[in-house]
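A look at the structure
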Amino acid sequence: MKKIFKLAVVTFMIVGSPSITGGALAAENRPSPAQIALKNSSVSRPTTAISANTTTISAVNTEYNIDRGLTIAGSASLPQEHAVSFIKSSAPTAKLNCSVDKIVEHYYKEAEKEGIRGDVALAQALVETGFFKYGGSVNYKQNNFCGLGTTSSAVRGASFPTPEMGVRAHIQHLLVYSSKKNPSERIIDPRFDTVKRLPHLYATSQTWMELSGRWAADKGYGVKVLTVYARMTEHAEKNGYKAGKDKDKDNQKKDTPKPKKRDKRSFEDRIDDILRGK
């Protein structure tokens, strides 16, 4: 079911503790009420208090279509090149240990292996890292794109040897929250087994909205992820992408051979041309 959130000077507070939004450990480690109050924000009212470790995502007089029922499982809808273009335009100073093109490629590839929506997972990474600016306890050198292992502002959390491995761990963490399937690759998510032992978290979030209060303590977490995804989609549409386009039908049209033109000559004329060697 789709709802339209009208963001009239909407400000998302993405607090730099422990990563930017609180990361994947906020619910797993049950933060104190004071921590929850610090991390919580609302899309229904603007916030004026901005700390040094805060990334602000604002939209003025803009309407976004947010699909509250969008599932975590599924295929990416946005073409990779549009996701790349969005990040380059929105985060020109992104701190990464690889190119923007490569990080997008990793998200689409790793997510496809596990049946996760790679484009929305990428939007989640943008929320978690403050559009790859970081600023919390996690830094870009860790290749940690979702706050894995960050139990407090003093704990740096997990590190991964390459961006690809960091993306894989992120996708595996989404998998354990959304289903009971085991990953297709060796488990490198350091919290995978921990979540499996927690019935209030394991396989409890089939939609991105259901991550609110689970993945992160912030009750508006799902809205933040989906709003960034809506911004990605809007950017793509301005650059020629048509939302809802059926790729399978398009490919079928391309593969269908065009019918041969009908020969309008009379039978006698065709026989005459054959005899003449034409």
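Use the structure listed above.
Here is a short report on the structure shown in this document. (Residues numbered from 1 in each chain as written. Predicted model: local features only at pLDDT ≥ 70, side-chain atom pairs only at ≥ 80, totals over all residues. Heavy atoms only, no water.)

**Considerations on the overall build of the chain**
Within the chain, the secondary structure is distributed over 9 helices and 4 strands. Taking all 278 residues of the chain together, 50% fall into the buried category. Carbon and sulfur atoms provide 50% of the accessible area of the chain, an area that totals close to 14,400 Å². (Helix = DSSP H or I, 4+ residues; strand = E, 2+ residues; numbered from the N terminus. Buried < 20%, exposed > 50% of the residue type's maximum accessible area, 1.4 Å probe, protein only. Areas by Shrake-Rupley, 256 points an atom, 1.4 Å probe, with all protein chains shown as cover.)

**Notes on the environment of Val-195**
In this structure, Val-195 sits in helix H6 (residues 192–196). Each C-alpha atom, one on Val-195 and one on His-173, is 8.5 Å from the other, the two residues being 22 residues apart in sequence.

**Considerations on the packing of aromatic side chains**
With the rule as written, the count across this model stands at 4 aromatic pairs. With centroids separated by 6.1 Å and ring planes inclined at 85°, the aromatic side chains of Phe-132 and Phe-145 adopt a geometry described as edge-to-face. Separated by 13 residues along the polypeptide, Phe-132 in the loop between helix H4 (118–129) and helix H5 (163–178) and Phe-145 in the loop between H4 and H5 bring together distant segments of the chain. Classification of Phe-132 as buried rests on a relative accessible area of 0%. Here Phe-145 falls in the buried class, since its relative accessible area comes to 2%. Between Tyr-177 and Trp-215, the ring centres sit 5.1 Å apart and the planes meet at 45°, which makes this aromatic pair tilted. Of this pair, Tyr-177 sits in helix H5 while Trp-215 sits in the loop between H6 and helix H7 (221–238); the two residues are 38 residues apart in sequence, bridging distant segments of the chain. According to the relative accessible area criterion, Tyr-177 is buried, its value standing at 0%. (Phe/Tyr/Trp six-rings, centres within 6.5 Å; stacked < 30°, edge-to-face > 60°.)

**Focus: the packing of helix H2 (residues 80–90) against H7**
When two helices pack together, you describe them by how their axes are tilted relative to each other and by the distance separating the axes. It is the contact of H2 with H7, at a shortest axis distance of 9 Å, that shows an interaxial angle of 105°. Judged by the inter-axis angle, H2 sits roughly perpendicular to H7. Seen from H2, the contacting residues are His-82, Ala-83, Ser-85, Phe-86, Ser-89 and Ser-90; seen from H7, they are Val-228, Arg-231, Met-232, His-235 and Ala-236. A class-by-class count of the residues in the contact of H2 with H7 yields 5 nonpolar, 5 polar and 1 charged. (Axes fitted to C-alpha atoms, helices over the stretch in contact; angles between N-to-C directions. Parallel < 35°, antiparallel > 145°, perpendicular 65-115°, else oblique. Contact = heavy atoms within 4.5 Å. Nonpolar A, V, L, I, M, F, W, Y, C, P; charged D, E, K, R; others polar.)

**Considerations on the packing of H4 against H7**
Interhelical geometry of H4 versus H7 gives an angle of 115° and a closest axis separation of 8 Å. Overall, the two elements H4 and H7 adopt an arrangement that is roughly perpendicular. With respect to the hand of their crossing, H4 and H7 are arranged in right-handed fashion. Here H4 contributes Asp-119, Val-120, Leu-122, Ala-123, Gln-124, Leu-126, Val-127 and Glu-128 to the contact with H7, which in turn contributes Tyr-221, Lys-224, Val-225, Leu-226, Val-228, Tyr-229 and Met-232. Of the residues assigned to the contact of H4 with H7, the class counts are 11 nonpolar, 1 polar and 3 charged. (Left-handed = near helix turned anticlockwise from the far one by under 90°.)

**A few points about unusual backbone geometry**
A positive phi angle is found at Phe-131, which is not glycine, with a value near 60°. Mapped onto the elements, Phe-131 comes out in the loop between H4 and H5. Given a relative accessible area of 6%, Phe-131 falls into the buried group. At Ala-203, a position not held by glycine, the phi torsion is positive, near 55°. Relative to the helices and strands, Ala-203 resides in the loop between H6 and H7. The buried category is assigned to Ala-203, whose relative accessible area is 16%.

**Observations concerning H4**
Over its 12 residues, H4 runs 16 Å from end to end, which matches the ideal 16 Å to within 8%, given 1.5 Å per residue. Counted residue by residue, H4 has 12 buried out of 12 residues, so it is predominantly covered. Of the residues making up H4, those classed as buried are Gly-118, Asp-119, Val-120, Ala-121, Leu-122, Ala-123, Gln-124, Ala-125, Leu-126, Val-127, Glu-128 and Thr-129. (Expected span 1.5 Å × (residues − 1).)

**What about the pattern of salt bridges?**
The full count for this structure, using the stated rule, is 8 salt bridges. Among the salt bridges present, the one from Glu-110 reaches Lys-113, with a minimum N-O distance of 3.3 Å. In this pair, Glu-110 and Lys-113 are both assigned in helix H3 (residues 100–114), 3 residues apart and thus about one turn of the helix distant. A salt bridge links Glu-185 to Arg-168; the nearest nitrogen and oxygen atoms lie 3.9 Å apart. A residue pair is termed long-range when its members are at least 10 positions apart, and Glu-185 in the loop between H5 and H6 and Arg-168 in helix H5 qualify at 17 residues. The class for Glu-185 is partly exposed, based on a relative accessible area of 30%. A cluster of three or more residues bridged by salt bridges with shared partners is formed by Glu-110, Lys-113, Glu-164, Arg-168 and Glu-185. (Salt bridge = Lys/Arg side-chain N within 4 Å of Asp/Glu carboxyl O.)

That's the geometry; what it means functionally is another story.
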